[in-house]
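Topology and contacts: notes
Next come the chains, spelled out residue by residue.
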Amino acid sequence: KLEVPLINDAPEIKINVDLSKADEFYDVTGSDASNQLKDLITIFGRKNFAMDKAMSGIDSAKRNTASDSIVHSYAAQLDKAKQDLNTYLKQVINTTNNATVAGLALSWSLSSFSEQEFKSALDAQLAKYPDNQILSGLKDNYDQQLAQRAEDEKNQKLNNWVGKQAPEFSAPDVNGKNISLASFKGKYVLVDFWASWCGPCRMENPNVVNAYNQYKDKNFTVLGVSLDQQKDPWQQAVKTDGLSWTQISDLKQWNSAAVEVFKFNSIPFNLLIDPQGKVIGQALRGDDLESKLKEVLK
């Protein structure tokens with residue numbers, strides 16, 4: 001089935017299709033917005049592929065116990081690819097004269113922009129196109145996520161683990177090997193509960209990546225606990241978001257043993273545990289996570 005994405009911004013739009021070309025098999029004349037859309041889809045795909053390639057390199061290097069220098073080389077490639085992608089998306093959002101193109105670029109930026117970057121970009125586009133339904137819908141969904149997050153944080157405070165010993169817990173990693181929380185004793189560990197299908201989790205992941213990269217050489221690590229139901233989406237999200245620490249899941253979503261043990265009712269959720277196994281932080285996000293780690297990992 002052949003599909004050509006178009007934006008109806010002109011009285012006459014012509015499409016020329018050349019199926020002998022594997023990529024860029026069509027040209028559009030008469031529609032500036034459709035050409036912008038075509039460029040966005042093509043270039044985003046290439047830049048996103050560069051990120052995936054770097055993440056695959058990190059994964060392969062770690063599986064094959066490559067040297068730290070090789071892993072760091074791939075990590076540097078990943079950082080550059082992410083910066084390149086974000087720079088491109090910001091350029092599209094700031095220069096396009098079409099709200100649909102801006103809306104698509106914004107929706108794709110959710111997993112790579114910081115929360116403040118996304119909010120500022122979305123507000124700017126809404127000021128420019130106040131009546132656009134795509135942008136309004138994007139803001140409504142985003143506001144609902146923020147409201148749900150605030151409510152979740154309020155509920156999580158009612159079940160406070162801070163000052164208590166972390167309970168024992170274990171689950172399989174991607175290879176089926178059982179990994180226990182107790183095996184991390186002697187280190188500061190952030191137990192990060194998330195899932196590939198959780199939008200707020202994916203938005204928070206860049207903050208966790210930054211914290212890990214900054215403090216991983218100071219007796220700190222992260223243990224990711226996913227509430228996914230299927231292995232492939234879970235592992236794809238790990239690669240896409242660059243989550244290079246240990247990941248475990250019993251693939252039971254809200255029936256996961258993690259939910260029963262730790263008594264949380266929403267994600268993202270996390271616990272910061274000290275080397276003696278005591279919880280010293282809970283529900284730490286963004287600047288709160290950075291401040292707490294800076295405090296304890298001097």
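Refer to the structure presented above.
Criteria and thresholds
- Each chain carries its own residue numbering, running from 1 in the written order of its sequence.
- Local features in this predicted model are restricted to residues whose pLDDT is 70 or higher, and side-chain atom pairs enter the listing and the counts only when it is 80 or higher, whereas totals over whole chains, interfaces and linings include all residues.
- Note that the side-chain values use all heavy atoms of the structure and ignore hydrogens as well as water.
- Burial status follows relative accessibility: with a 1.4 Å probe on protein chains alone, a residue under 20% of its type maximum counts as buried, one over 50% as exposed, and anything between as partly exposed.
- Strands are runs of DSSP state E lasting at least two residues, helices are runs of H or I lasting at least four, and both sets are numbered from the N terminus onward.
- Strand pairing requires that DSSP identify at least two bridges connecting the strands.
- A clockwise course of the path from the first strand over the helix to the second, judged with the strands pointing away from the viewer, identifies a crossover as right-handed.
- Contacts: residue pairs with any heavy atoms within 4.5 Å of one another.
- Here, two cysteine sulfur atoms that lie within 2.5 Å of each other are counted as a disulfide.
- A patch consists of residues exposed above 30% relative accessible area that lack any salt bridge, with like charges linked at up to 9 Å and nonpolar side chains (Val, Leu, Ile, Met, Phe, Trp, Tyr) linked at up to 5 Å.
- Note that accessible areas follow from Shrake-Rupley with a 1.4 Å probe, and for residues the cover is restricted to the protein chains shown.
- Within this document, salt bridges are pairs made up of a side-chain nitrogen of Lys or Arg and a carboxyl oxygen of Asp or Glu, the two lying within 4 Å of each other.
- Each Phe, Tyr or Trp ring, with Trp reduced to its six-membered ring, pairs with another whose centre is within 6.5 Å; inter-plane angles below 30 degrees give stacked pairs, above 60 give edge-to-face pairs, and intermediate values give tilted ones.
- Only the stretch in contact is used when a helix axis is fitted, and all axes are lines through C-alpha atoms; the angle between N-to-C directions ranges over 0 to 180 degrees.
- Each angle is binned into one of four classes, with values under 35 degrees roughly parallel, values over 145 roughly antiparallel, values of 65 to 115 roughly perpendicular, and all other values oblique.
- In this scheme, a crossing is called left-handed if the near helix is turned counterclockwise away from the far one by less than a right angle; it is called right-handed if the turn is clockwise.
- Residues are grouped as follows: Ala, Val, Leu, Ile, Met, Phe, Trp, Tyr, Cys and Pro are nonpolar; Asp, Glu, Lys and Arg are charged; all remaining types, including Gly, are polar.

1. Focus on the pairing of strand 5 (residues 188-194)
Of all the seven residues making up strand 5, seven are buried; the element is thus mostly covered by neighbouring parts of the structure. Of the two faces of strand 5, the one carrying Tyr188, Leu190, Asp192 and Trp194 and the one carrying Val189, Val191 and Phe193 are both buried. Where strand 5 and strand 6 (residues 220-226) come together, seven bridges link them in parallel fashion. Residue pairing in the sheet places Trp194 in a bridge with Ser226 of strand 6. Since strand 5 and strand 6 lie parallel, the crossover through helix 6 (residues 199-215) that links them has a hand, and here it is right-handed.

2. Points about the environment of Ala102
Its place among the elements puts Ala102 in helix 3 (residues 99-109). The exposure class assigned to Ala102 is buried, which follows from its relative accessible area of 0%. Placed 32 residues apart in sequence, Ala102 and Ile134 show a C-alpha to C-alpha distance of 9.4 Å. When near neighbours in sequence (up to four residues on either side) are disregarded, Ala102 contacts Ile93, Thr96 and Gln125.

3. Examining the state of the cysteines
Joining two cysteines, a disulfide is a covalent bond between their sulfur atoms. All chains considered together, the criterion is met by one disulfide. A sulfur-sulfur distance of 2.3 Å marks the disulfide that ties Cys198 to Cys201. Given an S-S torsion of about 80 degrees, the disulfide between Cys198 and Cys201 has right-handed geometry. Note on Cys201: relative accessible area 1%, which makes it buried.

4. So, a nonpolar patch on the surface
On the surface, a cluster of nonpolar side chains totalling about 350 Å² of accessible area is made up of Leu6, Ile15, Val17 and Leu19. Turning to its location among the elements, Leu19 is positioned in the loop between strand 1 (14-17) and strand 2 (26-29). Residue classification places Leu19 among the exposed positions, given a relative accessible area of 67%.

5. Here's the deal with the packing of aromatic side chains
Under the criterion given, the structure shown has 11 aromatic pairs. Seen in terms of ring centroids, Phe169 and Phe262 are 5.6 Å apart; in terms of plane orientation they differ by 75 degrees. Their pairing is edge-to-face. Taken together, the residues Phe169 in the loop between helix 5 (133-157) and strand 3 (170-172) and Phe262 in helix 8 (residues 257-262) connect sequence positions 93 residues apart. Of the two residues examined, Phe169 and Phe262, each falls in the buried class. Summarising the aromatic geometry, the rings of Phe193 and Phe262 are spaced 5.1 Å apart at their centres and angled 55 degrees between planes, so their arrangement reads as tilted.

6. A look at the sheet that holds strand 7 (residues 246-248)
Spatially, five strands are ordered 7-6-5-8-9 in an open sheet, and the strand pairing comes out mixed. This sheet does not close on itself; its edge strands, each paired only once, are strand 7 and strand 9 (279-282). Pairs of neighbouring strands in the sheet enclose a mean axial angle of 20 degrees, with direction left out of account. Of the strand pairs in this sheet, strand 6 and strand 7 are connected by three bridges, and their pairing is parallel.

7. Points about unusual backbone geometry
For the bond from Ile267 to Pro268, the omega torsion is 5 degrees, close enough to zero to count as cis. In this structure, Asn219 is a non-glycine residue whose phi angle is positive, near 60 degrees. Within the secondary structure, Asn219 is located in the loop between helix 6 and strand 6. A positive phi angle, near 55 degrees, is found at Leu251, a position not held by glycine. Structurally, Leu251 can be placed in the loop between strand 7 and helix 8.

8. Observations concerning the packing of helix 6 against helix 9 (residues 286-296)
Pairs of packed helices are described in terms of their axes, by the angle between the two and the distance that separates them. Contact geometry of helix 6 with helix 9 gives a least axis separation of 9 Å together with a crossing angle of 15 degrees. For the element pair helix 6 / helix 9, the angle class is roughly parallel. As for the relative orientation of helix 6 and helix 9, their crossing is right-handed in sense. Residues Glu204, Asn207, Val208, Ala211, Gln214 and Tyr215 of helix 6 form the contact with helix 9, whose own contacting residues are Gly286, Leu289, Glu290, Leu293 and Lys294. Counted by class, the contact of helix 6 with helix 9 contains five nonpolar, three polar and three charged residues.

Honestly, it's all geometry; don't read function into it.
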